[in-house]
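Structural description and commentary
As a plain string of letters, each chain reads:
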Amino acid sequence: MFEKLKFFLNVTGNNLWQFRTRNLFSVTIICLSFLTVGIFMSLANNLRATAKELSSNMTIAFYLDKGLPAAGLDALRREIGQPGFVESVRVVTPGEALERFRVSFPELADIVAGLQTNPFPPAIEMRVSAKASASKEVAAFVEATKRRTGVTDVLFNQDWVEKMQGFSRLAGAVGAFLGGILILTSFFIISNVVKLNVFARKNEIEILRFVGGTNLFIRIPFWLEGITLGLLGSLLSLGLLFIVINLFPIYLGSSLGALQQLLKFRYPDLNQAVALLLGGAATGFIGSATSVSKFLKV
Amino acid sequence: MIELHHIWKQYQKPYWALSDVTLQINDGDFYFITGPSGSGKTTLLKTIFREIFPTEGQILINGVNILKIRDSRIYTLRRTMGIVFQDFRLMFHKTVFDNVAVPLQVIGVGRKEIRRRVFNTLQKVNLHQKMWELPGRLSYGEQQRVAIARAVVNNPEFILADEPTGNLDPELAFEIVSLFKEINKQGATVIIGSHDRELIRHFGDNILFLQKGKIVGKEAH
């Protein structure tokens, strides 16, 4: 068994080396295809992570009428704190709001100092659990509370969470679509490269048949060849992806301004990296197996 | 034992490459199949190692109808045979050793055993000193000896050789057939397709004469 495996690996290695130019070409194509998939995957990763971050920090602010009596404010506070998805409720007084503004915008300190009266209304801030942040239940609750007496306005960033999640899905879909087309291209390229290799080794295959080689014995080196090409291509694409992720912020990041946060790439996690590698191996195997079964009549 | 019963083969209408060939080759026979070009020698040999199917007829090898063996199991038949071609069919990018080792690698023989058997076989054909050479650097006679070594390395029951001396000068041809004779003495059944009358006259124990696909004569000495 070990002898045979060694023999197959030896034959595969020799064959890969013998037709190195065309094999290098197919590895390059596979690499570029999987790099495209990887880039969109890491972009989608970032958008998904941003959406998660936004939803985990989601705070809904209910701005109240300045003339709302303390009892009314208290009743509203209790009511807002009741639903299960609420993590915490906090009353922000006009004084606190002004102080936050002063801390957040120190460059506007002159304007704040020149104010005759405090323009900030009192508010109730509600933190929503990350799980429920994008749910319709929260939106319905906010909508209902907005109509309550004493509530003048609401600051609710659920739209952003939904948009981020939407972008993330879009990036994933674009990646899958483009990657799918390119992987299909790789598949045909591998298939053709293996076909050429089958033709180039026609004499050798015939000899193997005459000396009693089984179909499997003849096919295995071609399969291994396809798998190796696919694996090498996807491994190379992972390497390139890490380089792109590292170089992108240096060369392009600063010119993107506010978009930088959204167009940031995140490293693929272990599962994704393994999936890319296995995808490469599978593309290689299917490509070569198709070709071998079609053109190798043994 | 090889038995051919009423073998007919047609590639293209209305010509018959083989017409009603019935033949029995016993174990240990040294058999020549001869006839002019196009007489059906190659077709007959190809049907025996099931490279082609006859249009009609039955071929039994050791009692097994080889026409009923599934394609995926044809290797079981081929492992009992050593096949030698006129054009040698060597792998020119591999060494003499690698070429001869192939039938052993196919059946999963261990590396040490392969080395031993390949060396012994190359010694028999007097090529052991060129074991690591590429076949392209050898003479035609030496290349054919490599092909013979490959055919006999796993001690097959039958050796089938299709015009094995066709590319060689008379002296080398004589040497190659002597080699087959040696192999035959060690127990293998040898069937050679050849149109070289001189060789046949000298070595032929059993001779089958073919013409236009028909058996026109048999001789046994």
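None of these values were measured; they are calculated from a predicted model. Along each chain, the written sequence defines residue order, and numbers are assigned to residues from 1. Lettering for chains starts from A, numbering for ligands starts from 1, and both go in the order in which the items are written. Local features in this predicted model are restricted to residues whose pLDDT is 70 or higher, and side-chain atom pairs enter the listing and the counts only when it is 80 or higher, whereas totals over whole chains, interfaces and linings include all residues.

Focus on the sheet that holds strand β2 (residues 18–25) of chain B
Residues and elements named next belong to chain B.
- Two strands pair if DSSP finds at least two bridges between them. Secondary structure is summarised from DSSP: a helix means a run of H or I of at least four residues, a strand means a run of E of at least two, and numbering begins at the N terminus for each. Pairing in this open sheet of 4 strands is antiparallel, and the strands run β2-β1-β4-β5 from one edge to the other. With one partner strand each, in any of the chains shown, β2 and β5 (64–65) form the two edges of the open sheet.
- Summarising the sheet, strand β1 (residues 2–9) and strand β4 (residues 56–61) pair through 5 bridges and their orientation is antiparallel. Opposite L4, over in β4, you have I59 as the bridge partner.
- Residues are defined as contacting one another if the C-beta atoms placed from their backbone atoms lie within 7 Å. Every angle, taken between N-to-C directions, lies between 0 and 180 degrees, and every axis is a line fitted to C-alpha atoms, over only the stretch in contact when it is a helix. Sheet contacts for helix α1 (residues 41–48): β1, β2 and β4; angle to β1, the most-contacted strand, approximately 125°.

Quick word on the sheet that holds strand β2 (residues 86–92) of chain A
Residues and elements named next belong to chain A.
- Read across the open sheet, the 4 strands follow the order β2-β3-β1-β4; overall the sheet is antiparallel. Of all the strands in the sheet, the pair left with one neighbour each is β2 and β4 (151–155). Ignoring strand direction, the axes of neighbouring strands in this sheet form an average angle of 20°.
- Bridge count between strand β1 (residues 59–64) and β4: 4 bridges; the pairing is antiparallel. Looking at the pairing, F62 lines up with V154 of β4.
- Helix α3 (residues 70–80) rests against β1, β2 and β3 (123–128) of the sheet, and its axis sits at about 160° to β2.

Describing the environment of V112(A)
- Examined against the element boundaries, V112(A) turns out to sit in helix α5 (residues 109–113).
- If near-sequence neighbours (up to four positions away) are discounted, V112(A) is found in contact with F101(A) and R102(A).

A few points about the nonpolar core
- The nonpolar core criterion groups buried Ala, Val, Leu, Ile, Met, Phe, Trp, Tyr and Cys residues into a set whenever they are joined through C-beta atoms within 7 Å. Exposure classes come from backbone-placed C-beta atoms, where a residue is buried if 20 or more other C-beta atoms lie within 10 Å of its own, exposed if 12 or fewer do, and partly exposed in between. V100(B), A149(B), I159(B), L160(B), V190(B) and I191(B) are the most contacted members of the largest nonpolar core, which totals 69 residues.
- Among the elements that line this core, the one with the most residues is helix α3 (residues 96–106) of chain B, at 7 residues.
- For V190(B), the residues in contact, after removing those within four places along its chain, are F30(B), Y31(B), I159(B), F180(B), I183(B) and N184(B).
- Among the nonpolar cores identified, the runner-up in size contains 34 residues, and C31(A), I39(A), F40(A) and L224(A) belong to it.

What about the confidence of the model for chain B?
- Confidence in the prediction for chain B averages 91 pLDDT; 100% of positions are at 70 or higher.
- The complex prediction reports pTM at 0.68, with the ipTM value standing at 0.87. Per-residue confidence from the predictor is reported as pLDDT, which spans 0 to 100.

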